[in-house]
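# Breakdown of the fold
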Amino acid sequence: MNKNVIFICQAAIIAALYVVLTMLIGAFASGPIQIRISEALTVLPCFTPAAIPGLTIGCFFANLFTGCAAPDVLFGTLATLLGALGSYALRNRSKWLVPLPPVIANTIIVPFVLRYAYHLPDAIPYMMATVGIGEILSCYILGMFLLFALDKFGKPLFHKEIH
């Protein structure tokens, strides 16, 4: 099968999963206290570079479909892109480092989005803590379960890494 077709299909599936998981959790996916279970998918760049556009496009549409403000759609998507790129860059180091870039990107960017796009009165450090905790729960707890499960059972899903 053509590598481009595989890449596009993987990216599309990941994007769709991200959107569905975000919409499934509803109100808990946004706001100063958020646990976006779709962020568990941020470990997927460890297996395929198609996860980078998949996560980015998925975040964009999830933010758009859930009624986020324009700056949230833009900068939330940027945070996901930066996190996915970082996860991909760390894929050959330690598995435990793979979820770190999305945690850092979202912990830094999202509180400023919440403050300035939604005019939330909460202090930025407070929102960094709450968003960071949600990211740790999603990326490190759920994400690491996913990473180890795919590492053990799911490699045929991704064949060899597509370049």
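Everything below is about the structure shown above.
Notes on the structure follow. None of these values were measured; they are calculated from a predicted model. (Residues numbered from 1 in each chain as written. Predicted model: local features only at pLDDT ≥ 70, side-chain atom pairs only at ≥ 80, totals over all residues. Heavy atoms only, no water.)

Note on placement: Thr22 falls in helix α1 (residues 3–25). Among the polar contacts made by the side chain of Thr22, one reaches the main-chain carbonyl oxygen of Tyr18 at a distance of 2.8 Å. (Helix = DSSP H or I, 4+ residues; strand = E, 2+ residues; numbered from the N terminus. Polar contact = N/O pair within 3.5 Å; in protein donor to acceptor, adjacent residues only side chain to side chain.)

Attention now moves to α1. Between its first and last C-alpha atoms α1 spans 33 Å; for 23 residues at 1.5 Å apiece the expected length is 33 Å, and the two agree. Within α1, the full set of buried residues consists of Ile6, Gln10, Ala11, Ile14, Ala15, Tyr18, Val19 and Thr22. Between the side-chain oxygen at the start of α1 and the backbone nitrogen of Asn4 there is a gap of 2.7 Å, and the oxygen is on Asn2. (Expected span 1.5 Å × (residues − 1). Buried < 20%, exposed > 50% of the residue type's maximum accessible area, 1.4 Å probe, protein only.)

This paragraph deals with the packing of helix α2 (residues 51–65) against helix α3 (residues 70–89). Where α2 meets α3, the closest approach of the two axes is 9 Å, and the angle between their N-to-C directions is 160 degrees. In terms of axis orientation, α2 runs roughly antiparallel to α3. In terms of crossing hand, the pair formed by α2 and α3 is right-handed. From α2, Ile52, Leu55, Thr56, Cys59, Phe60, Asn63 and Leu64 reach across to α3, where they touch Asp72, Val73, Gly76, Thr77, Thr80, Leu81, Ala84, Leu85 and Tyr88. Taken together, the residues that form the contact of α2 with α3 break down as 10 nonpolar, five polar and one charged. (Axes fitted to C-alpha atoms, helices over the stretch in contact; angles between N-to-C directions. Parallel < 35°, antiparallel > 145°, perpendicular 65-115°, else oblique. Left-handed = near helix turned anticlockwise from the far one by under 90°. Contact = heavy atoms within 4.5 Å. Nonpolar A, V, L, I, M, F, W, Y, C, P; charged D, E, K, R; others polar.)

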